[in-house]
Amino acid sequence: MTTSSGNIKLFFILAGSVFLFLYGVLPFIHPINGHDAWVHLNWLEQFTAEFRAGDLYPKWLPNSFYGMGSASFYFYPPLVYWVASVVSILNPQSVQFTYYATVFVGAAFSFVTSYLLFRRFASKQLAIMGSFLYILAPYAIANIFRRTAFSEQFALAFLPLIFIAIELAREDGKGRLAPKAIFTMAVGTAGLLLGSVPLTTVAIYTTPIYYILRMRAESLSKSPPVVIGALLGVCIASIYLLPIIEFYPTVRTSDLWGVNDPYGKLIYALTFLSASGGGALFYHVAFAFTIFGYLLTAYVLFALIKKEVSSERRPVLIALAGVACFICILQLPFLQVIWDHAPFIRMSQFTWRFNAVFALVFPLVLLILFDTNRKWFYRIATTVVLGTGLLGVGYIFRLEKIHYFEESLVGYRDVTEYVSNVSGSQRPVQLFEVFGSFANEADVRLEHPVISNAIVIDRKEATAISFSTRFDTSATVRFRRQYFPQWTLVDEKNTHYALIPDSTTRFTAVLPAGDHRFRLYLEESPLEKAGRWLSVTGLVITGVFGYLVFRRRSS
């Protein structure tokens, strides 16, 4: 027992040192140069600036595409950017600080939520050990430093809440309201939906397996708290989800979801590992974690067959083994038919994203086995060494030069998947032709012929422009804004004018002769309004359940 306690203390020292290095030291010496860095640095700088200016949900990014704007956050989950906006108040001038500070908040939150899950199955010391393993998992670290996917890293904090909600629902008797389970499930579901669409897809396919294997014959009778909580989570996320129903047909998303990526599949990962200089480092991480998952699954099945765990822990291991087996089998190359036809599964984008669940399943399995039989500590320690060794091989075969990203991205270029269909496959470029002396300030360009042009910008905002015109004849005006269906143009009599997009994503309108005042603005759609009120309703109801939970706890 003394040796075991000493091992745990040694682990705490090592894990704490690694945590301080990765989350406290490395951010000051490591550039933000991952695969998605140029997108997130761009979005962070604009979203947080608009938030600090008073727009609490900046869906439109005004400086993207060389000042023509982008509708990115009509489609991208906003949760991590809300957190980043609050964090950015501490240092508004540095987007790098905002990124790494938000990463630290996400890691701390993941530590807490995973601890709450692990504590249900193991002692306090072992639960802390498991939480360290969760936030230091290769998948999470690769998301931060290799892919710069800090939205997915933050969403990992909500995955343990789904498993906790299932356990809470299982413990409560039939027909009980189970406010704890409902509240936890609502928060976990809302966090995943508002945090990461791919990780939500992964949870949709994996957590039901855990639920069914854990509940077994009681799956149906104990489902109400889980279902109610999930529906409340969807309601909370409606401010983001509901408008997509209306706006989704207006964008080209084939590049985003239509991914037929081989790198997550085992056979291709082996090819990449053996090819000197081939592939990307993250795929080696994904490969190592996949092999790691296979070894873990084998250990769990071995423990179940040999009956080396107690009857009390056996059902938990069976459920976890079911999830692990599903993930392993799903990544085999010959199961391409599932990826082609299963509902929503392509929204995970890459097969290796399912390895995110391994980051949670592995510590839980380790705690249960170690708490049951100390010899499992050495067996799984061997697995850790093998997994780490594979990661090391990945580093050896992938030596990549470091490219630093500038604080301010030139032109605020944005990703193509959110460009309106009218843009075709080309990004907008800076236009140098000038129509009138006001063109540099107005973001409005006049097309010839104009007998006498006069236009004055009265007020310019991120999502609205107010201007006055004085034309001798009607004129066609091209607005230097990227087309989006919610742009609305009205005059002083509230008369609406048609906005016609062109092949460069800008749009034009025919304005009448005479003196007029106009306002071009992004109009809130009916589904946007409904989504906002539905989210408020979901928050209030979830808050009521939260009050019932904490009142019962205090009493």
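Residues numbered from 1 in each chain as written. Predicted model: local features only at pLDDT ≥ 70, side-chain atom pairs only at ≥ 80, totals over all residues. Heavy atoms only, no water.

Examining helix α5 (residues 95-118)
- Its 24 residues place the ends of α5 34 Å apart at the C-alpha level, agreeing with the 34 Å of an ideal helix rising 1.5 Å per residue.
- Regarding α5, its N-cap is Ser94, as a side-chain oxygen of that residue lies 3.0 Å from the backbone nitrogen of Phe97 further along. (Helix = DSSP H or I, 4+ residues; strand = E, 2+ residues; numbered from the N terminus. Expected span 1.5 Å × (residues − 1). Polar contact = N/O pair within 3.5 Å; in protein donor to acceptor, adjacent residues only side chain to side chain.)

Some points on a positive patch on the surface
- A surface patch of positive charge is lined by Lys180, Arg551, Arg552 and Arg553.
- Looking at the positive patch element by element, the count peaks at three residues for helix α22 (residues 526-554).
- Secondary-structure assignment places Arg553 in helix α22.
- Judged by its relative accessible area of 66%, Arg553 is exposed. (Patch = residues over 30% accessible without salt bridge, like charges linked within 9 Å, V, L, I, M, F, W, Y side chains within 5 Å. Areas by Shrake-Rupley, 256 points an atom, 1.4 Å probe, with all protein chains shown as cover. Salt bridge = Lys/Arg side-chain N within 4 Å of Asp/Glu carboxyl O. Lys, Arg positive; Asp, Glu negative; His and termini not counted. Charge placed at Lys NZ, Arg CZ, Asp CG, Glu CD. Buried < 20%, exposed > 50% of the residue type's maximum accessible area, 1.4 Å probe, protein only.)

Focus on the environment of Val202
- Mapped onto the elements of the fold, Val202 is located in helix α11 (residues 197-215).
- Along the primary structure Val202 and Ile345 are separated by 143 residues, whereas in three dimensions their C-alpha atoms are 7.8 Å apart.
- Here Val202 is in contact with Ser348, Arg353, Phe354 and Val357, once residues within four sequence places are set aside. (Contact = heavy atoms within 4.5 Å.)

What about the side chain of Thr184?
- Mapped onto the elements of the fold, Thr184 is located in helix α10 (residues 179-195).
- Sequence-distant contacts of Thr184, that is, excluding residues within four places in its chain, are made with Leu161, Ile164, Ala165 and Leu168.

Observations concerning the packing of helix α4 (residues 79-87) against α5
- Viewed as axis vectors pointing N to C, α4 and α5 meet at an angle of 115°, and their least axial separation amounts to 9 Å. Classified by the angle between their axes, α4 and α5 sit roughly perpendicular to one another. Considering the relative orientation of α4 and α5, their crossing is right-handed. In this structure, α4 contributes Val80, Val83, Ala84 and Val87 to the contact, and α5 contributes Phe97, Thr98, Ala101, Thr102 and Val105.
- For the contact of α4 with α5, the class distribution of residues is seven nonpolar, two polar and no charged. (Axes fitted to C-alpha atoms, helices over the stretch in contact; angles between N-to-C directions. Parallel < 35°, antiparallel > 145°, perpendicular 65-115°, else oblique. Left-handed = near helix turned anticlockwise from the far one by under 90°. Nonpolar A, V, L, I, M, F, W, Y, C, P; charged D, E, K, R; others polar.)

Points about the side chain of Ser468
- With respect to the secondary-structure elements, Ser468 resides in strand β3 (residues 464-471).
- Side-chain polar atoms of Ser468 contact the side chain of Asp458, separated by 2.8 Å.
- Not counting chain neighbours up to four residues away, the residues in contact with Ser468 comprise Ala454, Ile455, Val456, Asp458, His516 and Arg517.

Things to note about the pairing of strand β8 (residues 507-511)
- Burial runs high along β8: four of the five residues are buried.
- With five bridges connecting them, strand β4 (residues 475-479) and β8 associate as antiparallel partners. Pairing of Ala475 across the sheet is with Leu511, part of β8.
- Where strand β7 (residues 500-501) meets β8, two bridges bridge the pair, whose relative direction is antiparallel. Bridged to Ile500 within β8 is Thr508. (Pairing = 2+ DSSP bridges.)

Focus on the sheet that holds strand β6 (residues 496-497)
- Taking strand neighbours across the sheet as the criterion, the five strands line up as β2-β3-β9-β5-β6 in an open arrangement whose pairing is antiparallel. At either margin of the open sheet sits one strand with a lone partner, and together these are β2 (455-460) and β6.
- Bridging between β2 and β3 involves five bridges; their strand directions are antiparallel. Along β3, the bridge assignment pairs Lys460 with Ile465.

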